[in-house]
Amino acid sequence: MNGRGRTALPYLYLLPAFLFFTPFVLVPFVHTLGLSFYDWDGLTRATFTGFANYREAFESALVRSAFGHALVLIFFFGVLPVLLALPLAVSSTRARVPGGNALRTVIFLPQAISTVVVGVSWGWILALDGPLNAGLHALGLEWAAVDWLGSFTWALPSLGLVGTWTLIGLCVTLFFAGLQQIPGSLYDAAAVDGAGRWREFLAVTLPGLKGPITVALTVTVISALRAFDLVFVTTRGGPGTQTVVPGILIYRRAFEDGRLGSGAAIAVVLSIVVFAVTFLINRIADRRAP
Amino acid sequence: MSLTARAQRCSALRSLTAALVIAALSVGCGSNGSDKQGREAAAGGRHVLEVWTPESGSRLQLVQQRADQFSAAHPDVKINFTIRDFGSYPAQLKLALASDNPPDVAIGNLGWSLDGPLIRAGLLRALDPWAAHYGWDKRYPEVAQRQMRFSTDGKQFGRGPIFGIPYAADVIGWFYNVGKLKTLNIGVPATLDELEAALATARKAGEVPIMLGNKSQWPSLHLFYLVSDNLASDREINGIVFGDRSVQWTAPSFVASGRKLAQWNALGYIAPGANSMSPDDALARFVRGAGVFLPTGSWNAAELSASMGDKVAFFLTPPVRKGDPSRATGSVGYGWHITTASQQADLAAEFIDFMTQEAFAIQLVAGGDLSPLDMGDRAPRMPSRLAGEIFAAWQSVLANGTLLPYLEFSAPNGAEVLYPTMQSILAGHETPERGLALIEQSRQKFLDSL
C-alpha cells in the first residue's frame, strides 16, 4: 500500500501540468500529425493521401531551401550569440565597472521587446536610407551601403544578425548566472597551479558553464528553427524566396492557400527536426560531463 | 438577458475557483444558448440578415449607409454586419461559412483567392434565378461579369452561372507627378515606346522613374501587368486566369514582358531600395515628391488626391500602336454572395440588388471610387481631376472590352510562387524563362488538384 502510494505520487504532481499540456499541445500535435496524411482545403471533404504531402515536401526545392535557411539562422541565432556572450559574461564578472548591472540590463533588453517591434525597428535601421547606411556613408564606405533586407545576397544574414542581437542578452544573462555558481576555490586552485587566463577559462570556466551553454543553445536553436514573426515583419520571405523559412510556408499553406495537409506535413517535419536537434545538443552536453 | 445581468453573472462566476471560472465562463458567457436564439430575441421577431464584409474606410461607410437605407425601407429587416480586417478575412469567412452559424450574405474575393474554394465546397449559391429577375445578367459588361462566373461544381472559373454581384471596381495604371513631367518636358505618353522614352529621360535627369514598394512582392506582378497587358493577347491572359491549359506562362509574350521588367530594373528605372519598401512607404515617398511615376491601382486615388491635389494625374499603359485602345488589368473587386445555408435567400437577393443599384454606384463614384456599372452620362460630378481621369480610363476599358483580369486569380498560392518569382525576375535574379516555367509548373499543379 505504502509502496504503491509512493509510485503514484510523482504522477499526481505532474497531473496539473499534464491537464494543460494535453489539450493545448498534445491534442493539437496529434491532430496535425493526422492532418498531414490528408489532402484538405479546410472546407471540402479531406482525402487520405498517405505520405504524399511528405513526398511533396521533400521533393520541393522551395521547402528544402526553407530548411536550409533555418540552418543558416541556427548559426546566427544560436552559435554566434553563444560565442559572443561568453567573453562578454566572463569579462563582466572580472571587471567591476560602475554601472555593470545597468549594462547587463541593456544587453538583456532586446529579449524583452516584442519581436514585431524589433522587426519594425531593424527594418528602419537597415533601410537603404536608414541610419546604418548613413553611418557607412559618413565613414566614406559608400560602396558598402546596400539595401540590406532587400538584397538577394544580404537579406538572410541581415535577418540573422537581428536575431543575434536579440538573443545575445539571453545568453549573457544565463552565463552570468552560471558563473556565480562556479566555486571561487576552483579559480584559486587554477591560480596555484599556475594557469594563465586562457588555461583557466578552458579548465574551470567553460566546464562550469556547460549547463547554461546547453540551455542557451537549446533555446536559441529552437527559436531559429521556428522563426516566423521576425521574418514575416521584416521581409515576408523575400526578396524572391531568399528568406523563406519553414514557418512562413506552414502559415501560407495552412491559412492562405487552403493546403492544410501540406502545411501540417511541413510542421511535423519541423517538429521532428526540433526534437532531433535539441536531443543532439543535450546528448553532446551529457557526454562531455566530467 | 440584459447586458448588466449578464455581466453580474459573469462577475459572480469569476469569484469561484480558477478551474470553475474557466469552465463556467465558456458555458455561461460564451455561447449563452445558441446564437440563433439570441438573434431572434434581439430582433424581436424581425428578420435579421447576417452580412460579412472585409471593407474598411470610406467604402465600408458607404456600404453601411446604403444598408441603413435598406432597413429604413424594410422596417421588419435588421442588417447585422460582421466586419473583419482584409488580411484575415478569407480564413475567418471560411470558418464562419463552415460553422453551424453561417451568415446569409458575404462579400467574397475574385477567382481562386476566395470565391473558388467556397463555391467548390458548395457554400455559395449560383445566383441565376435572381439574376434574371433583377436583371443582374444584363447590368454589367461581359468582360466584368465573367469575373463572377464559376461552374456549378466550382472547378472552372470564368464560365457558368453568376455567383456574385459586384458593387465596386479597380483598375491598375500609372499615377504621375504632374510637375516633374512638366519640368522634364515630357508629355503623357501615347505609346509604350514613348513611355519607355519618358522613363529614360527621367532617369537621365537624375529622377527616380518608377516608385515601387516591392516588399510585399505582389507589386512586381502589378508592374508586370502594365507590360503584359500590351504584349500578350486577350486569349493568353484570359486563358491563364480562367484555367485554359492550352495557354501557358511560358508563352513568348509573357517571357518578353518579364524581360522588359528586368531591363527596366537594369537600366535603373526602379526606385532604389524597392525590395525593402512597403507599398505604403512608396506611396508616402511619391507624395513627398520622390519618383516620377507610381504604377499602382485606383484604390490609392483618394489618398493621392487628398495629399497631392492636382499635382498628381493618371493614365493607363499606352498601347504598342498609336491610336489603339488602352488595355488594362482591373476587376469588379468583390462580389456580394448568398450562402447556401441561408434560410432567407430571397430577402438576401433583394438586399444585394439594393446594394448594387446605380444609386449606390453614384455615391461610390462621387466619393472618388469606381463602379462596375457602365454609367454613361449619368455619372456624378467627380470629386477631383484625378478621380475624373481614372473614371474615364475605367469606363473606356469597359466600353472597349479591353478590361483584363488579374493573373493572380489563376491560383490561390500567389504568395508562395507567383509573387516572389516575379520579384526575382524583375531583379534579374531569375531569368524570365526559368521563372515563368516555375510559375507555370505551380499553376499546372493547382489545375491538376481541382
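Just so you know, these numbers come straight off a predicted model, no measurement behind them.

Some thoughts on the overall build of chain B
- A count of helical and extended segments in chain B gives 21 helices and 12 strands.
- By the compact-globule yardstick of 22 Å for 450 residues, chain B fits well, its C-alpha radius of gyration being 24 Å.
- The C-alpha extent of chain B, read off along each of the three principal axes, is 75 × 50 × 45 Å.
- The buried share of chain B, reckoned over its 450 residues, is 56%.
- Contacts spanning at least 24 positions in sequence make up 75% of the contacts within chain B whose residues lie at least 6 apart.
- Put simply, chain B shows about 18,200 Å² of open surface, and 52% of that area lies on carbon and sulfur atoms.

Remarks on unusual backbone geometry
- Omega for the peptide link from glycine 238 of chain A to proline 239 of chain A comes to -5°, which places this bond in the cis form.
- If you trace the backbone, proline 239 of chain A turns up in the loop between α11 (229-234) and α12 (246-256).
- One non-glycine residue, asparagine 185 of chain B, lies in positive phi territory at about 60°.
- For asparagine 185 of chain B, the location among the structural elements is in the loop between α10 (178-183) and α11 (192-204).
- Relative accessible area serves as the criterion here: at 72%, asparagine 185 of chain B is assigned to the exposed category.
- Although it is not a glycine, glutamine 217 of chain B adopts a positive phi angle of roughly 70°.
- Mapped onto the fold, glutamine 217 of chain B is located in the loop between α11 and α12 (218-231).

Quick word on the interface of chain B and chain A
- Across the contact, 26 residues belong to chain B and 29 residues belong to chain A.
- Both faces considered, chain B and chain A share a buried interface measuring about 2,100 Å² in area, 54% of it formed by carbon and sulfur atoms.
- The interface formed by chain B and chain A includes 4 salt bridges.
- Across the pair aspartate 129 of chain A and arginine 285 of chain B runs a salt bridge whose closest N-O atoms are separated by 3.1 Å.
- On inspection of chain B and its partner chain A, the count reaches 10 residue pairs in polar contact (both at pLDDT 80 or more).
- Broken down by secondary-structure element, the contributors of at least two residues to the side of chain B that touches chain A are α5 (89-98), α6 (115-120) and α20 (414-427) of chain B.
- When residues of the side of chain B that touches chain A are assigned to their parent elements, the largest contribution, 6 residues, is made by α20 of chain B.

As for the confidence of the model for chain A
- On average, chain A scores 90 in pLDDT, and the residues at 70 or more come to 96%.
- Between the elements of chain A, mean pLDDT differs from a low of 81, seen in helix α4 (residues 100-112) of chain A, to a high of 95, seen in helix α6 (residues 131-138) of chain A.

Quick notes on the packing of aromatic side chains
Residues and elements named next belong to chain B.
- In this structure the tally under the stated criterion is 36 aromatic pairs over all chains.
- Look at phenylalanine 224 and tryptophan 249: their rings are 6.3 Å apart centre to centre, the planes differ by 40°, and that puts the pair in the tilted class. Of this pair, phenylalanine 224 sits in helix α12 while tryptophan 249 sits in the loop between α13 (234-241) and α14 (252-266), and the two are 25 residues apart along the sequence.
- Measuring from centroid to centroid gives 6.0 Å for phenylalanine 293 and phenylalanine 315, while their planes differ by 85°, and the two rings are edge-to-face.

Observations regarding the nonpolar core
- Phe175, Phe293, Trp336 and Phe351 of chain B are the most contacted members of the largest nonpolar core, which totals 138 residues.
- For this core, the element with the highest residue contribution is helix α17 (residues 345-355) of chain B, accounting for 8 residues.
- The residues touching phenylalanine 351 of chain B, leaving out its near neighbours within four places in the chain, are Leu49, Val51, Ala67, Phe70, Ile79, Val105 and Trp336 of chain B.
- Formed by 45 residues, the second largest nonpolar core is a distinct cluster that contains Leu62, Leu73, Phe77 and Leu167 of chain A.

Looking at the packing of helix α4 (residues 57-73) of chain B against helix α18 (residues 358-366) of chain B
Residues and elements named next belong to chain B.
- Following both chains from N to C, one finds α4 and α18 inclined at 150°, their axes separated by 11 Å at the closest point. Overall, the two elements α4 and α18 adopt an arrangement that is roughly antiparallel. In the packing of α4 onto α18, the handedness of the crossing is right-handed. On α18, the residues touching Arg59, Leu62, Val63, Arg66 and Gln69 of α4 are Ala359, Phe360, Gln363 and Leu364.

A closer look at the pairing of strand β11 (residues 335-338) of chain B
Residue and element names in this part refer to chain B.
- The side-chain alternation of β11 yields two buried faces, one formed by Gly335 and His337 and the other by Trp336 and Ile338.
- Sheet topology note: the strand β3 (residues 105-107)/β11 ladder contains 3 bridges and is antiparallel. Each bridged residue has a counterpart across the sheet, and for valine 105 the counterpart in β11 is isoleucine 338.
- Pairing geometry for strand β6 (residues 165-166) and β11, over 2 bridges, is antiparallel. By the bridge assignment for β11, isoleucine 165 is matched with tryptophan 336.

Here we look at the pattern of salt bridges
- One pass over the structure, following the stated rule, counts 22 salt bridges over all chains.
- The closest approach of N and O atoms between arginine 385 of chain B and glutamate 389 of chain B, which form a salt bridge, is 3.9 Å. Remark: glutamate 389 of chain B and arginine 385 of chain B occur in helix α19 (residues 385-400); sequence separation between them is 4 residues, near one turn of the helix.
- Since its relative accessible area comes to 40%, arginine 385 of chain B is described here as partly exposed.
- By sharing partners, the salt bridges in this structure join Glu56, Arg253, Asp257 and Arg259 of chain A together with Glu416 and Lys445 of chain B into a single network.

Re α18 of chain B
- Taken as a whole, α18 of chain B has its buried residues at Phe360, Ala361, Leu364 and Val365 of chain B. Looking straight down α18 of chain B, one finds that the buried residues subtend no more than 130° of arc, so they occupy a single side.

Let's talk about the pairing of strand β5 (residues 157-162) of chain B
- Bridge count for strand β4 (residues 149-150) of chain B against β5 of chain B is 2 bridges, and the pairing is antiparallel. Across the sheet, residue arginine 149 of chain B finds its bridge partner in β5 of chain B, namely isoleucine 162 of chain B.

Re the sheet that holds strand β2 (residues 77-83) of chain B
Residues and elements named next belong to chain B.
- Taking strand neighbours across the sheet as the criterion, the 5 strands line up as β2-β1-β3-β11-β6 in an open arrangement whose pairing is mixed. Every other strand in the sheet has two partners, leaving β2 and β6 as the edge strands with one partner each.
- Of the strands in this sheet, β1 (47-53) and β3 touch α5, which is tilted by about 145° from β1.
- Packed onto the sheet, α17 meets β1, β2, β3, β6 and β11 and runs at close to 170° relative to β11.

About the cut-offs
- Residues numbered from 1 in each chain as written.
- Chains lettered and ligands numbered in written order.
- Predicted model: local features only at pLDDT ≥ 70, side-chain atom pairs only at ≥ 80, totals over all residues.
- Heavy atoms only, no water.
- Helix = DSSP H or I, 4+ residues; strand = E, 2+ residues; numbered from the N terminus.
- Rg over C-alpha atoms; globule rule 2.2 N^0.38 Å.
- Buried < 20%, exposed > 50% of the residue type's maximum accessible area, 1.4 Å probe, protein only.
- Contact = heavy atoms within 4.5 Å.
- Areas by Shrake-Rupley, 256 points an atom, 1.4 Å probe, with all protein chains shown as cover.
- Buried area = accessible area lost by both parts, 1.4 Å probe.
- Salt bridge = Lys/Arg side-chain N within 4 Å of Asp/Glu carboxyl O.
- Polar contact = N/O pair within 3.5 Å; in protein donor to acceptor, adjacent residues only side chain to side chain.
- pLDDT = per-residue confidence, 0-100.
- Phe/Tyr/Trp six-rings, centres within 6.5 Å; stacked < 30°, edge-to-face > 60°.
- Core = buried A, V, L, I, M, F, W, Y, C linked by side-chain atoms within 4.5 Å.
- Axes fitted to C-alpha atoms, helices over the stretch in contact; angles between N-to-C directions.
- Parallel < 35°, antiparallel > 145°, perpendicular 65-115°, else oblique.
- Left-handed = near helix turned anticlockwise from the far one by under 90°.
- Pairing = 2+ DSSP bridges.
- Arc of directions from axis to C-beta.

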